[in-house]
Amino acid sequence: MAMQALTGFSLVSLLGFGYLSWDWAKPSLVADAPAEAGVEHPSAAPPQPPHIIFILTDDQGYHDVGYHGSDIETPTLDRLAAEGVKLENYYIQPICTPSRSQLLTGRYQIHTGLQHSIIRPRQPNCLPLDQVTLPQKLQELGYSTHMVGKWHLGFYRKECLPTRRGFDTFLGSLTGNVDYYTYDNCDGPGVCGFDLHEGENVAWGLSGQYSTLLYAQRVSHILASHSPRQPLFLYVAFQAVHTPLQSPREYLYRYRTMGNVARRKYAAMVTCMDEAVRNITWALKRHGFYNNSVIIFSSDNGGQTFSGGSNWPLRGRKGTYWEGGVRGLGFVHSPLLKRKRRTSRALVHITDWYPTLVALAGGTASAADGLDGYDVWPAISEGRASPRTEILHNIDPLYNHARHGSLEGGFGIWNTAVQAAIRVGEWKLLTGDPGYGDWIPPQTLAAFPGSWWNLERMASARQAVWLFNISADPYEREDLAGQRPDVVRALLARLVDYNRTAIPVRYPAENPRAHPDFNGGAWGPWASDEEEEEEEEEGRAQSQSRGRRKKKCKICKLRSFFRKLNTRLMSHRI
C-alpha cells in the first residue's frame, strides 16, 4: 500500500522532501494514510507556532531501544533520535499515573495529591480538576488538541475524562492496561469490563483491532483531516509495551530464535510500536506538518524485568526509585532544532515538558503558576545549560515504612523510614524502601543462568538511606552515605523543604459502584453530580449540626462505609 501511495509523484519531488530516507519497499502492518492527500510544499517562512507530537510508550525499558545496544530492532526510533537530540539525562516517574500526571500538569506528585501508587479503576479519584492541563493551556493558545491511547488519570466523573481536560478528541482506554485485541480489563477476580472509548462513548465496534495499529491509524486520519495552518497538539500514548504480552504474529516471527518467551513477545511488541511511529512520521510529512513540527518521544517508566523488559545496565526496574525505574528513554526530533544530531546531557524531567511546550506555542508558564517544571527548549535545541539543577523523584508517606528507618537516622529532621528520593546536582539520595534493587541483564536465554542472577543479587540491606554520585556512578554501585554524612544531611533538608509544600495524599477506597456490571459491561464514569453534592452536603451537615437530619441514598451509605474501612489501605498491585 505504501508504494501505491506514491503514484503520480516524481523521483525529484520525493528526494526533495526526504521520503526516500524511509524504507518504502518494506510493507508495514500499520494502516497507511489515504492516497489522495496532498504533498507538503515548502514555504519561505514556516508557520508558527509549531505542531507538537508527543509520543509516550508504556513500560519500555532503558535498554530496549536499538541505539542503547538492544537486541530489539527499532530502526525508526534509532533514525529519529540520530537526526535529532538524544536526552541521556532524562527522568520520568517509576509507574504509570505519576508520569502522566506530571506531564499534563507540570507539577510534582506532592503537588497533585497523587504521591501514592496509581489511580485504580474503582477509585473515586482523578487528576485534580482545579489544575489547568497542558492541552487546556494549548487550547487557549489556538491549538487543536487530540489524544490517542492510554489515559490512566481517573474517570469516576465525566469531568475527569480526556475530553473534559483539554482534548478536542479522544480514542483510547481509561484504565491502566487492557487486552490488545478485546480491550477487556479485569481489576480483580470477576471485576472485568470493556475499555475502549471514542470521545465519551464506549467504542464497542472497534474491538478486535490490535491497539498499536489502531492508534497509529487514528493518528493518520487526524492528520489527513486537519489543516497544517492551524497548530496541532497530538498526544499519542501507546499501550505498548505494557502487559499483557501480545503481538501480531508477523512481528513475533522475527524473534523466533530468541529463547526467552517473554522477551520474544516483548521484542515483537516494541518493533511493532517502532513501525507505528514510522507511519506517524510519514503521515506528518505527507500531509504537510513535518517541516514545522516538534516530535518528542518518551517512555513513562522503567521496564518491567519480569515481563520481558530490560533496563540494563541500570539498577532496578519499574516501580522502584533506582535509576532503572526513573531514568527514561527520550529524544526530540524536529527540523526546528538549531543543533541536531547530538546527545544532550542536560538534566531534564518529565514536568519540564509543560512549560517547554507552552513556551514553544507562544505562551508563558513558570513557577509563578505553581509549576515544578522548567523551559528546557534552549538546552535541547541550542545546547545551553539546563535551568534544572535538582529533581524531587517523590515523597510517599503511605508506602511501607522501612523497618530500619528512623527520625534519629535522619539527623532528627527526617524519618528515613519514609520512601523518598531526590537528586540535587550530582547527588542522589534515597530513603525508606526504594524497591527491588537488583541489576538484571537482558533475559534473552530460555534458561537464565543462575550464576549471573546471583552475581548481581542484592541481599536485604539493613539500611534506609543510600547516597550516590549519579554522574560518576550512574549504575548506583557505590553507596557513599557513610562517607558523606554532610551531603546526606543537606539532601534530607531539601526533602524537608519539599515536604512542607506537599498537599495531602488522595488515595480513596475503591467504590463498589464502579463495577462495570453497573455500567453496561464497560469501564466508565459512575459518580453523578448529585451523588457528589450529597456527599459534600453530608460532610458539612455533620460539622454544623448534629440535630440536622439528611436523607442519604443507599449507594452513598455504602460508599461511606468502604471509605472509612479502607482509608489507609495501600495497594501494591501495579
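Refer to the preceding data block for the structure.
About the thresholds
- Residues numbered from 1 in each chain as written.
- Predicted model: local features only at pLDDT ≥ 70, side-chain atom pairs only at ≥ 80, totals over all residues.
- Heavy atoms only, no water.
- Pairing = 2+ DSSP bridges.
- Helix = DSSP H or I, 4+ residues; strand = E, 2+ residues; numbered from the N terminus.
- Salt bridge = Lys/Arg side-chain N within 4 Å of Asp/Glu carboxyl O.
- Buried < 20%, exposed > 50% of the residue type's maximum accessible area, 1.4 Å probe, protein only.
- Disulfide = S-S within 2.5 Å.
- Contact = heavy atoms within 4.5 Å.

Colleague: Go over the sheet that holds strand 11 (residues 293-299), please, and point to the residues and values.
Modeller: In a beta sheet, neighbouring strands pair by backbone hydrogen bonds and run either parallel or antiparallel. Read from one edge of the open sheet, 10 strands run 9-8-5-4-10-1-11-12-2-13, paired in mixed fashion. Each edge of the sheet is formed by a strand with only one pairing partner; in this case those strands are strand 9 (201-202) and strand 13 (342-344).

Colleague: So what's going on with the pattern of salt bridges? Which residues, and what values?
Modeller: A full pass over the atoms with the stated rule returns 24 salt bridges. Here Glu510 ties to Arg122 by a salt bridge, and the two come within 3.3 Å at their closest N and O atoms. Of this pair, Glu510 sits in the loop between helix 12 (485-500) and helix 13 (529-544) while Arg122 sits in the loop between helix 3 (96-105) and helix 4 (134-140), and the two are 388 residues apart along the sequence. Looking at Glu510, the relative accessible area reads 21%, which means it is partly exposed. The class of Arg122 is buried, set by a relative accessible area of 17%.

Colleague: Which residues make up the state of the cysteines, and what values do they have?
Modeller: Applying the stated criterion to the full structure yields 2 disulfides. Sulfur-sulfur distance for the disulfide between Cys126 and Cys160 comes to 2.2 Å. Taking the sign of the torsion about the S-S bond as the criterion, the disulfide between Cys126 and Cys160, at about -55 degrees, is left-handed. Residue Cys126 is located in the loop between helix 3 and helix 4, and its partner Cys160 is located in the loop between strand 4 (144-150) and strand 5 (169-173); the two are separated by 34 residues in the primary sequence. Paired by a disulfide, Cys186 and Cys192 hold their sulfur atoms 1.9 Å apart. Between Cys186 and Cys192, the disulfide has an S-S torsion of 110 degrees and is therefore right-handed. Here Cys192 falls in the partly exposed class, since its relative accessible area comes to 31%.

Colleague: Tell me about the environment of Gly363, and please be specific about residues and values.
Modeller: On the secondary structure map, Gly363 appears in the loop between helix 9 (353-360) and helix 10 (377-382). Judged by its relative accessible area of 15%, Gly363 falls in the buried class. The spacing of Gly363 and Glu140 is 223 residues in sequence and 9.0 Å in space, taken between C-alpha atoms. Discounting residues that sit within four places of it in the chain, Gly363 has contacts with Leu141 and Val358.

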